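Here are the chains, one letter per residue:
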Amino acid sequence: MLRYPYFCRLYKEFLSCWWESGIFNSGVWPKRIHDTAQRYNECEAREQTDQSGTQEMHRPQDRDNEAVTKLHIPVMVDEVVRCLAPQKGQIFLDMTFGSGGHTRAILQKESDITLYALDRDPRAYAIAEQLSELYPKQIRALLGQFSQAEALLMKAGVQPGTLDGVLLDPGCSSMQLDAPERGFSLRKDGPLDMRMGGGRYPDMPTAADVVNALDQQALASILRTYGEEKHAKKIASAIVQARSLYPISRTQQLASIVAGAFPPSAVFARKDLLQRSTHIATKTFQAFRIFVNNELNELYTGLKTAQKFLRPGGRLVALSFHSLEDRIVKRFLLGISMTERFNLSARQKVIQALKLGSGRENMEGASISKAPLMWELIHKKVLTPDDQEVQENPRARSAKLRAAIKL
C-alpha cells in the first residue's frame, strides 16, 4: 500500500528546500532535507533487535549468499588493493561491503588487519556476518548507511583520526540489480521499490511512491537532475498520464510507460560505453533510484566521515559509476565547493571577475572557491578499468577510481 500522507509531507518539505537552494547540478541537498538517519532515529532503539533478527532471517539464505558471492565480480579490485596498500596491524573501513569482493581481496593481501564492513542492505550485512565467522579477528560487520557510519564507528569503539584506509563504493550492487523483488532492474519485472535498505525502514518512500505522488514538474526535475535525461518533460508527462488510469507499481510497467513516450525505433537507440543498445528507460531508473536513496547526499556525507576518521597519511579510495558521483568525489578531493560551477568558459570567468572587482588578481580565483587542501592525489588522472576487465565484467565499463592520501 502506498504511503501517500507520509510521503507527500516528507517530499513537500524536500522539494521546497531543493528549489530554494538552487543546487540542481551538485547533487548535494541541504543537510536537513530527506536526512533518513535523523528521520528514523526512533528506530535506533530497535537496532540491536533488528540486527539479531536479520541474522536469523537470513540463515536459510546462507547458500544463496554463497552463490551470490561466487557470481559477483568486484570492480578494479587490483587497483583498489594497490591504492589502499594494507599493512600488518592496520584498520580499514569498507563503506559499501556488498557481497564482500573487495574485502576478501584486501584480506588476501594482508590478513593481519581489522576491517569494518558497512552496508545499508540487510542481505549484504548478513553476508558480512557470515564472512566474519571465517575471519572473527578481522571483520566487524556494521548495518547502516553512510550518514550513520560515524555513530556506528563510535559505538564500535573507533575514534576519529585512527583509520588507515577507507574504501567507498557507492551506488547499486550487482546483488541488488539481479534480484527482481528489489525493483532496481528494468529488464526483470518486480515491485517498483528501489530502496537499498529493503524493508528495514517500512515508512521510507519507494520508487512507486515517487512516481505516483509527485507532480509533473517535480518528476521532470528528478529525471533531469539525477538521470541527466534530456527528455525529462516528455517522460514525466507520460508517467502522469499513465498513473491517472492505474497506479504504477511494477518495474516493467514503468519501463513500458517510458518506452511508450517514444517511437519504437528509439527504445533501444541509445548506446552504452561498449556500444551496446540500452533501453530508453535506463536513465529514468537511475534517477528515481538516486532520489529514493538520497545517494548523492549520502556520498558526500560518507566522504566527510572518511576524512574525519582517517589518520594523517591514511588512504581514501572512491569508486564511482556515473558522472554525478565522480563529480562529487573529484570536487571533494580538490577542496572545491559543491555549489560552485566548476567548468566556466573564459568569457564567464571575465564576467565573474568584473563582478568581484576589476583587476587581474581576481581573475584566477573568480570561478572556483577552494577550501584548504586536505588531500594529496595518488594519481593525477582518474583510473578506469582496462579492456580485459570490461570484457570479463561489462558492469565495470563506467567505473572510475580516485584515490588520495589525507594530509
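This one's a predicted model, so the numbers in the text were calculated from it and none came from an experiment. (Residues numbered from 1 in each chain as written. Predicted model: local features only at pLDDT ≥ 70, side-chain atom pairs only at ≥ 80, totals over all residues. Heavy atoms only, no water.)

## With respect to the overall build of the chain
Along its length, the chain carries 18 helices and nine strands. Scored against the burial criterion, the 407 residues of the chain give a buried share of 52%. By element, 51% of the accessible surface of the chain is carried by carbon and sulfur atoms, the whole surface being about 19400 Å². (Helix = DSSP H or I, 4+ residues; strand = E, 2+ residues; numbered from the N terminus. Buried < 20%, exposed > 50% of the residue type's maximum accessible area, 1.4 Å probe, protein only. Areas by Shrake-Rupley, 256 points an atom, 1.4 Å probe, with all protein chains shown as cover.)

## A few points about the side chain of Ser320
The topology assignment puts Ser320 in strand β7 (residues 310-320). With relative accessibility at 2%, the residue Ser320 sits in the buried group. At a separation of 3.5 Å, a polar atom in the side chain of Ser320 contacts the side chain of Asp326. Apart from residues lying up to four places away in sequence, Ser320 is in contact with Glu325, Asp326, Ser398, Ala399 and Lys400. (Polar contact = N/O pair within 3.5 Å; in protein donor to acceptor, adjacent residues only side chain to side chain. Contact = heavy atoms within 4.5 Å.)

## Some thoughts on the sheet that holds strand β8 (residues 375-377)
Spatial ordering of the open sheet is given by β3-β2-β1-β4-β7-β9-β8, a layout of seven strands whose pairing is mixed. Of all strands in the sheet, those with a lone pairing partner are β3 (139-143) and β8, marking the two edges. The sheet shows a mean angle of 20° between the axes of neighbouring strands, taken without regard to direction. The pairing of strand β1 (residues 91-94) with strand β2 (residues 114-119) spans four bridges and is classified as parallel. From the neighbouring strand, Phe92 faces β2, where its bridge partner is Leu115. Here helix α15 (residues 295-309) sits on the sheet in contact with β4 (163-168), β7, β8 and β9 (400-406), set at roughly 155° to β7. (Pairing = 2+ DSSP bridges. Axes fitted to C-alpha atoms, helices over the stretch in contact; angles between N-to-C directions.)

## Remarks on the pattern of salt bridges
A full pass over the atoms with the stated rule returns eight salt bridges. Residues Arg182 and Asp121 are paired through a salt bridge, measuring 2.8 Å at the closest nitrogen-oxygen approach. Of this pair, Arg182 sits in the loop between α9 (174-177) and α10 (207-213) while Asp121 sits in the loop between β2 and α7 (122-134), and the two are 61 residues apart along the sequence. Accessibility expressed as a relative area gives 14% for Arg182, which makes it buried. Glu228 is the partner of Arg327 in a salt bridge, and the nearest nitrogen-oxygen pair spans 3.5 Å. (Salt bridge = Lys/Arg side-chain N within 4 Å of Asp/Glu carboxyl O.)

## Details of the nonpolar core
Counting residues in hydrophobic clusters, the biggest one holds 69 residues, and the most contacted among them are Ile239, Leu254 and Phe288. Judged by nonpolar contacts, the second largest core, of 30 residues, contains Tyr125, Ala141, Leu167 and Ala403. (Core = buried A, V, L, I, M, F, W, Y, C linked by side-chain atoms within 4.5 Å.)

## Comments concerning unusual backbone geometry
One non-glycine residue, Met194, lies in positive phi territory at about 75°. Under the relative-accessibility criterion, Met194 is labelled buried at 0%.

## Structural notes on the pairing of β9
Within a regular strand, side chains alternate between the sheet's two faces. Most of β9 is tucked away, with six of its seven residues classed as buried. Bridge count for β7 against β9 is six bridges, and the pairing is antiparallel. Paired with Arg315 across the bridge in β9 is Ile405. Two strands pair when backbone bridges link them, and β8 and β9 are joined in this way by three bridges, in the antiparallel orientation. Its bridge partner lying in β9, Trp375 is registered against Lys406.

## Let's talk about the confidence of the model for the chain
Put simply, the chain has an average pLDDT of 81, and 73% of its residues get 70 or more. Scored below 50 in pLDDT, residues 12-60 shows 77 contacts in the model against residues more than four places distant or in partner chains. A low-confidence stretch, residues 67-71 stays under pLDDT 50, and its non-local contacts, those more than four residues away or across chains, total six contacts. (pLDDT = per-residue confidence, 0-100.)

## So, the environment of Asn297
Looking at the secondary structure, you find Asn297 in helix α15. A relative accessible area of 9% means that Asn297 is categorised as buried.

## Looking at helix α12 (residues 232-243)
Taking 1.5 Å of rise per residue, the twelve residues of α12 would be expected to cover 16 Å, and the 17 Å separating its terminal C-alpha atoms lies within 8% of that figure. Those residues of α12 that fall on the buried side of the exposure criterion are Ala232, Ile235, Ala236, Ser237, Ala238, Ile239 and Ala242. Each element contacted by the buried residues of α12 is listed here: α10, α11 (216-226), α13 (251-260) and α14 (282-293). (Expected span 1.5 Å × (residues − 1).)

## Overview of the packing of aromatic side chains
Going through the model one piece at a time under the given rule, you end up with three aromatic pairs. Pairing Tyr226 with Phe291 gives two aromatic rings, centres 6.3 Å apart and planes at 50°, and the pair type is tilted. Taken together, the residues span a long stretch of sequence, with Tyr226 in helix α11 and Phe291 in helix α14 at a distance of 65 residues. Among the residues examined, Phe291 registers a relative accessible area of 0% and is labelled buried. Ring geometry for Tyr300 against Phe332: centres 6.1 Å apart, planes inclined by 85°, an arrangement best described as edge-to-face. Residue Tyr300 is found in helix α15, and its partner Phe332 is found in helix α16 (residues 323-334); the two are separated by 32 residues along the sequence. Residue Phe332 is classed as buried on the basis of its relative accessible area, which comes to 11%. Taken together, the aromatic side chains of Tyr300, Phe332 and Trp375 make up a single cluster linked through ring pairs. (Phe/Tyr/Trp six-rings, centres within 6.5 Å; stacked < 30°, edge-to-face > 60°.)

## As for the packing of α11 against α12
Running from amino to carboxyl end, α11 crosses α12 at an angle of 135°, the nearest separation of the two axes being 8 Å. As far as their axial angle goes, α12 and α11 are oblique. In terms of crossing hand, the pair formed by α11 and α12 is right-handed. Facing Gln216, Leu219, Ala220, Leu223 and Arg224 of α11, the residues of α12 in contact are Ala232, Lys233, Ile235, Ala236, Ser237, Ile239, Val240 and Arg243. Partitioned by chemical class, the residues of the contact of α11 with α12 number eight nonpolar, two polar and three charged. (Parallel < 35°, antiparallel > 145°, perpendicular 65-115°, else oblique. Left-handed = near helix turned anticlockwise from the far one by under 90°. Nonpolar A, V, L, I, M, F, W, Y, C, P; charged D, E, K, R; others polar.)

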